[in-house]
Amino acid sequence: MSYDVLIIGGGAAGMSCALVLGSANKAPFAADKKIGIIMHQKASALANGLFNNVLGVQPGTTGKEILESGKTHLSDLYAHIDQIEREKVVKIDGVSGGFTIFTNKNQYKTKTIVVAVGPSNLFSIEGLKEYVEPHQSLPPAKERIQLKNKDHIVTEGIYVAGILAGWISQFSIAAGSGAHVATDILAKWNDGNPTVAHDIA
Ligand SMILES: Cc1cc2nc3c(=O)[nH]c(=O)nc-3n(C[C@H](O)[C@H](O)[C@H](O)COP(=O)(O)OP(=O)(O)OC[C@H]3O[C@@H](n4cnc5c(N)ncnc54)[C@H](O)[C@@H]3O)c2cc1C
């Protein structure tokens, strides 16, 4: 399977990125793009959280519910996005325009990668370890990591989104980071012209 963009990680940042990319499918520059998300959720920070302080999320909503409803939201509205379940990325190889992503079960070709796997110091994806550095916003005692980046770009063709990009750990910030990366990718597809994906009521 070959993608234009493959998102790694199905948490706050990864699913937000997928929703914005998916919602742009009416734009001519995005209509033919093949998008996928490796929907691994076993290691999400959301799993143990209770979310009372996120705009638009009903107070009392659990992170487990958000993980489930995010997948349904994506498949109901943007079914053209492939959700790859029960696979974990172990390695990436290649250069911009021609990456291979290796999971514990399969391999996928993609032109662009979005890494949204959270800031755990158990990070073990071969091909990205050279970009790992201590997290700049979280307390050193937590020993979290981030990927070196400038404006979410790790290196050509590889974006990082969410808390792994160096942001402090709040749901809205992680989601906003994923959405930001999506609009940067859309601008690239649109010949460098900034673009938004909006629906009108
Ligand atoms: C207990 C707890 C309570 C919290 N409460 C709040 C709160 O009340 N309000 C608030 O705003 N924020 C809260 N947060 C913070 C919020 O959950 C995080 O900031 C947010 O989930 C970070 O989003 P992310 O996408 O960067 O990472 P995550 O949501 O952790 O997503 C990362 C995803 O990557 C996947 N992944 C990891 N490794 C791989 C791999 N090798 N291959 C493929 N996929 C992989 C994981 O399974 C996961 O789905 C809480 C966090 C915790 C832990």
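## With respect to the pairing of strand 2 (residues 35–38)
Part 1 of the argument: Neither face of strand 2 is exposed, since Ile35 and Ile37 on one face and Gly36 and Ile38 on the opposite face are all buried.
Part 2 of the argument: As paired strands, strand 1 (residues 2–8) and strand 2 are joined by four bridges and run parallel to one another. Looking at strand 2, one finds that Leu6 is bridged to Gly36.

## Focus: the packing of helix 1 (residues 12–23) against helix 3 (residues 63–77)
Axis angle and axis distance: for two packed helices, these are the angle between their axes and the distance between the axes, and together they describe the pair.
Part 1 of the argument: Where helix 1 meets helix 3, the axes come as close as 10 Å, and the angle between the chain directions of the two elements is 20°. With respect to helix 3, the element helix 1 is oriented roughly parallel. Once helix 1 is placed against helix 3, the crossing between them reads as left-handed. Where helix 1 approaches helix 3, its residues Met15, Ala18 and Leu19 are matched on the opposing element by Ile66, Leu67, Gly70, Lys71, His73 and Leu74.
Part 2 of the argument: When the residues that make up the contact of helix 1 with helix 3 are grouped by side-chain class, the tally is six nonpolar, two polar and one charged.

## What about the side chain of Thr61?
Part 1 of the argument: If you trace the backbone, Thr61 turns up in strand 4 (residues 61–62).
Part 2 of the argument: Separated by 2.4 Å, the side chain of Thr61 and the backbone oxygen of Gln58 make a polar contact.
Part 3 of the argument: For Thr61, the residues in contact, after removing those within four places along its chain, are Leu50, Phe51 and Ile66.

## Concerning the nonpolar core
Part 1 of the argument: If you look at the biggest cluster of nonpolar residues, it comprises 39 residues, and the most contacted ones within it are Leu21, Val114 and Trp189.
Part 2 of the argument: At the level of secondary structure, the elements contributing two or more residues to this core comprise strand 1, helix 1, helix 2 (28–31), strand 2, helix 3 and helix 4 (171–189).
Part 3 of the argument: When near neighbours in sequence (up to four residues on either side) are disregarded, Leu21 contacts Val5, Ile7, Ile35, Ala182, Ile185, Leu186 and Trp189.
Part 4 of the argument: Residues Ile101, Ile113, Leu147 and Val160 belong to the second largest nonpolar core, which totals 23 residues.

## Brief notes about the environment of Arg86
Part 1 of the argument: As for its placement among the helices and strands, Arg86 is situated in the loop between strand 5 (82–84) and strand 6 (89–95).
Part 2 of the argument: A residue is classified by how much of its surface remains accessible, and Arg86, at 64% relative accessible area, is exposed.
Part 3 of the argument: For the pair Arg86 and His40, spaced 46 residues apart in the sequence, the C-alpha separation amounts to 5.9 Å.

## Side note on the site of the ligand
Part 1 of the argument: Taken together, 29 residues lie around the ligand, and His40, Ala45, Ser169, Gln170 and Phe171 are the ones closest in.
Part 2 of the argument: Contact between the ligand and Leu50: an oxygen atom at 3.2 Å from a main-chain N or O atom of the residue.
Part 3 of the argument: With respect to the ligand, the backbone of Ala116 contributes an N or O atom lying 3.4 Å from an oxygen atom.
Part 4 of the argument: Here the ligand loses 84% of its free accessible area of 1000 Å² to cover by the protein chains.
Part 5 of the argument: Those elements giving two or more residues to the shell around the ligand turn out to be helix 1, strand 3 (50–51) and helix 4.
Part 6 of the argument: Within the shell around the ligand, the residues separate by chemical class into 14 nonpolar, 13 polar and two charged.

## Some details on the side chain of Asp4
Part 1 of the argument: Position of Asp4 relative to the elements: it lies in strand 1.
Part 2 of the argument: The contacts of Asp4, once residues within four sequence positions are left out, are Asp32, Lys33, Lys34, Thr110, Lys111, Thr112 and Trp189.

## Overview of the environment of Asn52
Part 1 of the argument: Within the secondary structure, Asn52 is located in the loop between strand 3 and strand 4.
Part 2 of the argument: With 90 residues separating them in the primary sequence, Asn52 and Lys142 have C-alpha atoms 23 Å apart.
Part 3 of the argument: Beyond its immediate stretch of four places on either side in the chain, Asn52 contacts Pro59 and Gly60.
Part 4 of the argument: Here Gly60 takes part through its backbone nitrogen, which lies 2.8 Å from a polar atom of the side chain of Asn52.

## Structural notes on the pattern of salt bridges
Close approach of charged atoms lets side chains of opposite charge pair.
Part 1 of the argument: Scanning the model with the defined rule gives eight salt bridges in all.
Part 2 of the argument: Among the ionic pairs, Lys71 bridges to Glu68, the shortest N-O distance being 3.4 Å. Here the residue Lys71 and the residue Glu68 both occupy positions in helix 3, the gap between them amounting to three residues, near one helical turn.
Part 3 of the argument: Each of Glu68, Lys71 and Glu85 takes part in salt bridges that share partners, so that together they form one network.

Scoring rules and cut-offs
Residue indices begin from 1 for each chain and proceed along its sequence in written order. Local features are withheld for residues below a pLDDT of 70 in this predicted model, meaning they are given only at 70 or higher, and side-chain atom pairs are given and counted only at 80 or more; totals for whole chains, interfaces and linings count all residues. To obtain the side-chain values, all non-hydrogen atoms of the structure were used and water was disregarded. We call a residue buried when its accessible area falls under 20% of the maximum for its residue type, exposed when it is over 50%, and partly exposed in between, using a 1.4 Å probe and counting protein chains only. Numbering of helices and strands runs from the N terminus; a helix is a DSSP stretch of H or I covering at least four residues, while a strand is a stretch of E covering at least two. Paired strands are those between which DSSP finds at least two bridges. Between the N-to-C directions of two axes lies an angle of 0 to 180 degrees, each axis being a line fitted to C-alpha atoms and, for a helix, fitted only over the stretch in contact. Note that the term roughly parallel is reserved for angles under 35 degrees, roughly antiparallel for angles over 145, roughly perpendicular for angles of 65 to 115, and oblique for everything else. Crossings are classed by handedness, with left-handed meaning an anticlockwise turn of the near helix from the far one by less than a right angle and right-handed meaning a clockwise turn. Note on contacts: a residue pair qualifies if any of its non-hydrogen atoms lie within 4.5 Å across the two residues. Put simply, Ala, Val, Leu, Ile, Met, Phe, Trp, Tyr, Cys and Pro go in the nonpolar bin, Asp, Glu, Lys and Arg in the charged bin, and everything else, Gly too, in the polar bin. In protein, a polar contact requires one atom able to donate a hydrogen and another able to accept it; more generally it is a pair of N or O atoms within 3.5 Å, and residues adjacent in sequence count only if both atoms are side-chain atoms. Here, nonpolar core means buried Ala, Val, Leu, Ile, Met, Phe, Trp, Tyr and Cys residues that are tied together by side-chain atoms lying within 4.5 Å of each other. Nearness is judged by heavy atoms alone; a residue qualifies as near a molecule or strand once a single heavy atom is within 4 Å of it. Per-residue accessibility takes into account occlusion by the displayed protein chains alone, with areas from the Shrake-Rupley method and a 1.4 Å probe. Just to be clear on terms, a salt bridge is a Lys or Arg side-chain nitrogen sitting within 4 Å of an Asp or Glu carboxyl oxygen.

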